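Given next are the chains, with one letter for each unit.
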Amino acid sequence: RPDYESLNGLSSRIRFKQYSRSASVADGAFPSVFRGQSMEFEDLRPYIPGDNLRDMDWKASSRSGIPMVRNYVADKRKQIIFMADTGKTMRGIMPDGTDKRECGILTIASAAYLAGRSGADYSILCGKDWRSRIKRFGNGPAFLEEGLSALQDEVFGKEVYDLEKRLDGILDAPLKGVSICLVTDMKGLLEIPERILRTAATEREFYVFEVSDGSFDRRNYYDVLTDRMIPEFISRSKGLSAEIWKKQMEYQAQVRSKLRRCGVFYAYLDDKKEIPETVTGVLNGEIAD
């Protein structure tokens, strides 16, 4: 688990970006900052006789040429769904030697704790009952630890779930505006179809943390995909190492381009010491290249 006490100082820096779609006659999206009596601004709509004149948006009315009023909904806490990839390549190591699965748990633990401290509710999706967890939101130490313990059992278990299928299941649920946070690696991001990434980032925030792979330049190298040791004469080959590095850069460029096209907030994790600051930046809607 992360050092929760050290995260307390970072929680004051979290400023969630909450946006709602505007009416088609107005341009752009409007931040939800207009507050009424326990209500939150959602979007703009044409004026209907009987509407309160105090809700008129004169600037939008002037732009569109149509009388527009602000539409309010009951104030809701921000909600985030967290999930970690369990693919075989997540059983490898990071450049700093950390188990990628451990990094995934630490990242979700840090992000969920900071989100809860900043006023959000969250759900940690994992296990065979993951569908029932989609609408089970909460926060606090007991709720967090229950979710993390279940996540740890899944991440370090033998079963590998279908990442694309789980994302589809989340997107099929009636969860308007609920943000999604995914921890995966380059292979996971290469395999997720662009249509899913684009849909996930529409009308919500989609946060992605990519756990980096260790470099191909060490002795006693183990291949997690084939479950066997790589002979030293291969793992120590400078020519092969250079080719692998070149291919990794090509794949990384594809991933970066795909995430940017889809409007995803993302960051890379090369060292577990980077997790607190990186998580804070991504939750604030920053992209860390």
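Below is a short write-up of the structure. (Residues numbered from 1 in each chain as written. Predicted model: local features only at pLDDT ≥ 70, side-chain atom pairs only at ≥ 80, totals over all residues. Heavy atoms only, no water.)

Thoughts on the overall build of the protein chain
In step 1: In terms of helices and strands, the protein chain carries 11 helices and 12 strands.
In step 2: When the 289 residues of the protein chain are sorted by exposure, 46% land in the buried category.
In step 3: Look at the contacts in the protein chain between residues 6 or more apart in sequence, and 69% of them connect residues 24 or more apart.
In step 4: For the protein chain, the exposed surface amounts to about 15,100 Å²; the carbon and sulfur share of it is 51%. (Helix = DSSP H or I, 4+ residues; strand = E, 2+ residues; numbered from the N terminus. Buried < 20%, exposed > 50% of the residue type's maximum accessible area, 1.4 Å probe, protein only. Contact = heavy atoms within 4.5 Å. Areas by Shrake-Rupley, 256 points an atom, 1.4 Å probe, with all protein chains shown as cover.)

Describing the packing of aromatic side chains
In step 1: Using the criterion set out here, one finds 5 aromatic pairs in the structure.
In step 2: Seen from their ring centres, Tyr207 and Phe265 are 6.1 Å apart, and the 25° between their planes marks the pair as stacked. Of this pair, Tyr207 sits in strand β9 (residues 206–211) while Phe265 sits in strand β12 (residues 265–269), placing them 58 residues apart in sequence. A single burial state applies to Tyr207 and to Phe265, both of which are buried.
In step 3: An aromatic cluster of at least three residues, connected via ring pairs, comprises Phe82, Tyr122 and Phe143.
In step 4: Taking NZ or CZ as reference, Arg166 lies 3.6 Å from the ring centre of Tyr161, over its face. (Phe/Tyr/Trp six-rings, centres within 6.5 Å; stacked < 30°, edge-to-face > 60°. Lys NZ or Arg CZ within 6 Å of the ring centre and 35° of its normal.)

Considering the packing of helix α3 (residues 100–117) against helix α11 (residues 275–283)
In step 1: Direction vectors running N to C along α3 and α11 enclose 55°, while the axes themselves pass 10 Å from each other. Between α3 and α11, the crossing angle belongs to the class labelled oblique. The chirality of how α3 crosses α11 is right-handed. Where α3 abuts α11, its residues Cys103, Leu106, Thr107, Ser110, Ala111 and Leu114 lie against Ile275, Pro276, Val279, Thr280 and Leu283. (Axes fitted to C-alpha atoms, helices over the stretch in contact; angles between N-to-C directions. Parallel < 35°, antiparallel > 145°, perpendicular 65-115°, else oblique. Left-handed = near helix turned anticlockwise from the far one by under 90°.)

Concerning the side chain of Thr89
In step 1: Of note, Thr89 is situated in the loop between β6 (79–84) and α3.
In step 2: With near-sequence residues (within four places) excluded, Thr89 lies in contact with Lys100, Asp185, Lys187, Val224 and Leu225.

Structural notes on helix α6 (residues 163–172)
In step 1: Those residues of α6 that sit buried are Leu163, Arg166, Leu167, Gly169, Ile170 and Leu171.
In step 2: For α6, the elements touching its buried residues are β6, α4 (130–133), α5 (141–155), β8 (179–184), α7 (186–191) and α8 (194–200).
In step 3: Residue Asp162 occupies the N-cap position of α6, its side-chain oxygen lying 3.1 Å from the main-chain nitrogen of Glu164. (Polar contact = N/O pair within 3.5 Å; in protein donor to acceptor, adjacent residues only side chain to side chain.)

Topic: the sheet that holds β9
In step 1: The 5 strands are arranged β7-β6-β8-β9-β12 in an open sheet whose pairing can be described as parallel. Every other strand in the sheet has two partners, leaving β7 (121–124) and β12 as the edge strands with one partner each. Neighbour to neighbour, the strand axes of the sheet diverge by 15° on average, direction disregarded.
In step 2: Note that β6 and β7 share 4 bridges and pair parallel. Each bridged residue has a counterpart across the sheet, and for Gln79 the counterpart in β7 is Asp121. (Pairing = 2+ DSSP bridges.)

Observations regarding the pattern of salt bridges
In step 1: According to the stated counting rule, one finds 18 salt bridges in the structure shown.
In step 2: Taking the shortest distance from any N to any O, the salt bridge between Lys272 and Glu102 comes out at 3.3 Å. A residue pair is termed long-range when its members are at least 10 positions apart, and Lys272 in the loop between β12 and α11 and Glu102 in helix α3 qualify at 170 residues.
In step 3: Residues joined in a network through salt bridges with shared partners are Asp129, Arg133, Arg136 and Glu146. (Salt bridge = Lys/Arg side-chain N within 4 Å of Asp/Glu carboxyl O.)

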